[in-house]
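What the coordinates show
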Amino acid sequence: MSNNNFIVRKVAVLGAGVMGAQIAAHLINANVETLLFELPAKQDDLNANAAKAVENLKKQEPAPFSVATKAAYIQLANYDQHLELLKDCDIVIEAIAERMEWKTELYKKVAPNLGKHTIFASNTSGLSINQLVQAFPKNLRNRFCGIHFFNPPRYMHLVELIACEDSDAAILDDLENFLVTFLGKGIIRAKDTPNFIANRVGIFSMLATMHHAKEFGLGFDLVDALTGSLIGRPKSATFRTADIVGLDTLAHVVNTMRDMLPADPWHRYFIVPDWLQDLIDKGALGQKTKCGIYQKKGKDIHVLDLVTQEYRLSTGNCNEEIKELLKHKNAAGNLAALRENPHPQAQFLWAIFRDLFHYCSVHLVSIADNARDLDLAVRWGFGWNQGPFEIWQTSGWSEIATWINEDIDAGKSMSTTPLPIWALETKRSGVHSRTGSYAPSTKTEHPRSTLPVYQRQLFPDRVLGEEAKYGKTIFETDAIRMWHTGGDDIAIVSFKSKMHTIGSDVLDGMQQAIEEAEQNWRALIIWQTEPPFSAGANLQKATEHLKNSGSPTTLSVLTKKLEKAVRSTVLKAARNLNLADALMAGKLAEVEAMIAQFQQTSKGLKYSMVPTVAAVDGLALGGGCEFVMHCDRAVATLESYIGLVEVGVGLLPAGGGCKEFALRAAQNTKGDDPLALLKNYFKTVATAQMAKSAEQAKELGYLRPADQIVMNRFELLHAAKMQAIALADAGYRPPLKAGKFPVAGSTGVATFKSMLVNMLEGEYISEHDYLIGNKVAYVMCGGNLTPGSLVDEDWFLELERNAFIELLATEKTQARVEYMLKTGKPLRN
């Protein structure tokens, strides 16, 4: 039973290395007071080592801090001067180097200084928790455990929680509650075995891949082409991932498996290959030394060739037949086809899947409580779309098990150890079902945790076999679904379009949803069942009515390019900003009508008679951002990437975004000249700044001070409901329509224009950039009116529409849109 009164006010992190410093940064992201300890420096400032670590964090990519200013909140400490501060810490996390003797020496030093309720947790990536705890006095061992974060801690969802024999169960429950809600983590309870769950499976998978790459004579870049997104894993695949992790770190984990798992049936493969050790000996450790398996030379990526021992240009072109096969959604057919296909690349892929399934089934009973824990650990820790057992079950459990056995008997498998009996049961169709996941130690289906914290996750991350029943439908169209979960009279709208882009059909649905909510519901939430919130306006929908009169080839090609690129990166997602292809068909009137429809929908969200809440996770770009800005409240996950990025393709925001910034500037200056505040908003829009966190979105003005940030994306809907209910319970009334408010006018236009002139003359921007900037300035300042002139919202909306159409009519904006769609890169013309 967890302690409902468990409060974490202060945390200390011992060790300011790569992981320790980043863990401290993420604690600060969560507004947890944090001390960062490091060895005292041999100079006047004994905290210099810790200070250097924080400075290094500021330069790191991806950024460990949600906003750069958070760095100042880390409290620096050293072991000579500040050990007494530990008594006031609720949690102490040890994150020094993976050396048993160093850790135990530190424990003996700090143990006398711990508070009487302090939880002490080691961030070891694989050392025995039961061995580590022996360095602690017996009376403190009940408050000791393992807490394994994954790198980078801000972004990786997984934390493995490992008990020692003396750990107090209630303390572990308290720690899990804290990690889930306040740090946003997915917790897996791992058994105290070397490398725990995710690293044990993930590193074995890498070793199996290396073994079979050598067996089939495949180069590193080809293996990465085969083992990345084509099979549902991160683009960094295998060897690029090794470079990112650090080749020395990888070698350490492999050596831990070799030293600590002598009885493992796959033990002979737990070796660091000679080529990998050679790179380490040369100091080529991967990304952190800018040279490893890969090396960037100029703009080109080169890869180590084992035959020549030289770096060559990386190509990574896999066989087209294999590539097409892997694109098919029929997973069962894919693995069957790979097994039957004699091509070395097909046989390689079958071999790495076969040996992965084999390894996981044999070791499940010793490393994890159940199959769900193993699959989620690998998904959250290594970024796979599916865990090993999910892939096996999807592909046909019994047939795959038969093939694995055949390959074991034929000597093709990496181990002759037979599959466990439970995996071969004739009635078995998999390990995941609606009621739970198989636990071999009890031979039962293990249900999900019943800890109270998980009641906040209305729709937790599912594994195969678990159904997602998203409430009861209120109404549904081809574009949106309006539904509710029952019991609170809160309506929810979810988009059905790809990337949750916004077209006229979504706008129609939203207007219907607002009307329905006003009549029958207490509040309306926009929440998507999967991220992103919205990547912007839907180009395909916007151009459907133009296909007969436009250039079919151009429209088709651009739309396909758009859809492909939007899936790939945040930068490329910005391309689907608005409706520029329509110009090619000469249908500007239709475009203007759609913009007006968008503006009216945004106003409907703002002035609805019931509170509206945007529940944001992932991308909220262009029109998606404008929806967020018009809702009464936004609740956003920390990893929300929000921005009005239309300028990147030669346009400007026209769904009310410019208007909303102008209005906020006027309101927040209390009737005085809004120009000072408007300058920041102008820069944000004119440079297409996208916030790289919800915290930064507040700094840029996309989110307001009252908007809420949640750390765990699976608690987002719960938090949004709490906000909606609070607004409704407080006797919600929509804001009074803004009426007339002062504009920056001609003075503002002239001020911003002078800034643009300087940038143009300094060759920082092009002539077309200058034109776009002037349009943005004109709109956000309310036109060339006398400063302080009073206008209403509709005045700004008309300026937005006119400026958008004028830019859309220029050849250079057309060229920018087309270039972005074709290449995924911005064009400077």
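As shown above, the structure is provided for reference.
These numbers come from a predicted model, not from an experiment.

So, how was this worked out
- Residues numbered from 1 in each chain as written.
- Predicted model: local features only at pLDDT ≥ 70, side-chain atom pairs only at ≥ 80, totals over all residues.
- Heavy atoms only, no water.
- Pairing = 2+ DSSP bridges.
- Helix = DSSP H or I, 4+ residues; strand = E, 2+ residues; numbered from the N terminus.
- Axes fitted to C-alpha atoms, helices over the stretch in contact; angles between N-to-C directions.
- Contact = heavy atoms within 4.5 Å.
- Parallel < 35°, antiparallel > 145°, perpendicular 65-115°, else oblique.
- Left-handed = near helix turned anticlockwise from the far one by under 90°.
- Nonpolar A, V, L, I, M, F, W, Y, C, P; charged D, E, K, R; others polar.
- Core = buried A, V, L, I, M, F, W, Y, C linked by side-chain atoms within 4.5 Å.
- Buried < 20%, exposed > 50% of the residue type's maximum accessible area, 1.4 Å probe, protein only.
- Right-handed = clockwise from strand over helix to strand, strands pointing away.
- Expected span 1.5 Å × (residues − 1).
- Arc of directions from axis to C-beta.
- Phe/Tyr/Trp six-rings, centres within 6.5 Å; stacked < 30°, edge-to-face > 60°.
- Lys NZ or Arg CZ within 6 Å of the ring centre and 35° of its normal.
- Disulfide = S-S within 2.5 Å.

1. As for the pairing of strand E11 (residues 310–313)
As judged from the four bridges shared by strand E10 (residues 300–305) and E11, these two strands associate in the antiparallel manner. By the bridge assignment for E11, Leu304 is matched with Tyr311. Counting the residues in the hairpin turn of E10 and E11 gives four residues, including Gln309, whose phi is positive at 60 degrees.

2. Some thoughts on the sheet that holds strand E4 (residues 91–94)
The eight strands are arranged E3-E2-E1-E4-E5-E6-E7-E8 in an open sheet whose pairing can be described as mixed. Strand pairing shows two members of the sheet lacking a second neighbour, strand E3 (75–78) and strand E8 (186–190), which therefore form its edges. The mean angle between the axes of side-by-side strands here comes to 25 degrees, regardless of whether they run parallel or antiparallel. The pairing of strand E2 (residues 33–38) with E3 spans four bridges and is parallel. Residue pairing in the sheet places Phe37 in a bridge with Ala77 of E3. Most of the contacts of helix H3 (residues 100–110) go to strand E5 (residues 119–122), to which it runs at about 165 degrees, and overall it touches strand E1 (10–14), E4, E5 and strand E6 (144–149).

3. Points about the packing of helix H28 (residues 767–780) against helix H30 (residues 811–823)
Where H28 meets H30, the closest approach of the two axes is 10 Å, and the angle between their N-to-C directions is 100 degrees. Regarding the angle of H28 to H30, the classification is roughly perpendicular. Along its contact with H28, which presents His768, Asp769 and Ile772, the element H30 presents Lys812, Thr813 and Arg816.

4. With respect to the packing of helix H17 (residues 504–520) against helix H21 (residues 588–607)
Contact geometry of H17 with H21 gives a least axis separation of 10 Å together with a crossing angle of 25 degrees. Compared by their axis directions, H17 and H21 come out roughly parallel. Crossing handedness for the pair H17 and H21: left-handed. Across from Ser504, Leu507, Asp508, Met510, Gln511, Ile514 and Glu518 in H17, the residues of H21 making contact are Met594, Gln597, Phe598, Gln600, Thr601, Gly604, Leu605 and Tyr607. The class makeup of the residues in the contact of H17 with H21 is seven nonpolar, six polar and two charged.

5. Re the nonpolar core
Within soluble globular proteins, side chains that are nonpolar generally end up buried alongside one another. With 116 residues, the main nonpolar core has Ile293, Phe389 and Trp392 as its most contacted residues. If one sorts the elements of this core by residue count, helix H13 (residues 344–367) sits on top with 13 residues. Sequence-distant contacts of Phe389, that is, excluding residues within four places in its chain, are made with Cys360, Ser361, Leu364, Ala371, Leu374, Asp375, Trp397, Trp422, Val431 and His432. Among the nonpolar cores identified, the runner-up in size contains 82 residues, and Phe627, Ala688, Leu703 and Ala744 belong to it.

6. Focus on the pairing of E5
Of the two faces of E5, the one holding Ile119 and Ala121 and the one holding Phe120 and Ser122 are both buried throughout. Relative to E5, E4 runs parallel, the two sharing four bridges. If you follow Ile93 over to E5, its bridge partner there is Ala121. The handedness of the E4 to E5 crossover, carried by H3, is right-handed. As defined by bridge partners, E5 adjoins E6 across three bridges and the pair is classed as parallel. In the strand pairing of E6, Ala121 is matched with Cys145.

7. Comments concerning H30
Along its 13 residues, H30 runs 18 Å from first to last C-alpha, staying within 8% of the 18 Å computed at 1.5 Å per residue. Of the positions making up H30, those classed as buried are Thr813, Arg816, Val817, Met820 and Leu821. For H30, the arc enclosing every buried residue in end-on projection is 125 degrees, short of the 170-degree limit, so these residues lie on one face. Looking one or two residues beyond H30, the residue adopting positive phi is Gly824, at roughly 80 degrees.

8. Describing the packing of aromatic side chains
Going through the model one piece at a time under the given rule, you end up with 35 aromatic pairs. Consider the rings of Phe204 and Tyr359, whose centres lie 3.9 Å apart with planes at 5 degrees: the pair is stacked. Here Phe204, found in helix H6 (residues 198–216), pairs with Tyr359, found in helix H13; they are 155 residues apart in sequence, far enough to count as distant. Tyr359 matches Phe204 in its accessibility class, with the two residues each being buried. Following the ring pairs from residue to residue traces out a cluster consisting of Phe353, Phe357, Phe389, Trp392, Trp397, Trp422 and Tyr438. Lying across the ring of Tyr438, Arg428 places its NZ or CZ 4.2 Å from the centre. Seen from the ring of Phe714, Arg713 lies directly overhead, with NZ or CZ sitting 4.5 Å from the centre.

9. Comments concerning the sheet that holds E10
Taken in spatial order, the three strands of this open sheet run E9-E10-E11, and their pairing is antiparallel. With one partner strand each, in any of the chains shown, strand E9 (294–297) and E11 form the two edges of the open sheet. The sheet shows a mean angle of 40 degrees between the axes of neighbouring strands, taken without regard to direction.

10. Topic: the state of the cysteines
In the structure shown here, the tally under the stated rule is zero disulfides. Cysteine Cys89 is unpaired, with the sulfur of Cys145 as its nearest cysteine sulfur at 15 Å. Look at Cys89 and you get buried, because its relative accessible area is 2%. The thiol of Cys781 is not disulfide-bonded; the next cysteine sulfur, from Cys658, is found 11 Å away. In this structure Cys781 comes out as buried when scored by relative accessible area, which is 0%.

11. A few points about the environment of Gly536
Along the chain, Gly536 turns up in the loop between strand E17 (523–526) and helix H18 (539–543). Each C-alpha atom, one on Gly536 and one on His500, is 7.8 Å from the other, the two residues being 36 residues apart in sequence.

12. Side note on the side chain of Arg664
With respect to the element layout, Arg664 can be found in helix H23 (residues 657–668). Of the residues examined, Arg664 reaches a relative accessible area of 7% and is grouped as buried. Non-local contacts of Arg664, meaning those with residues more than four positions away in its chain, are made with Met629, Leu677, Tyr681, Gly701, Tyr702 and Arg704.

None of the figures reported here should be taken as evidence of function without further support.
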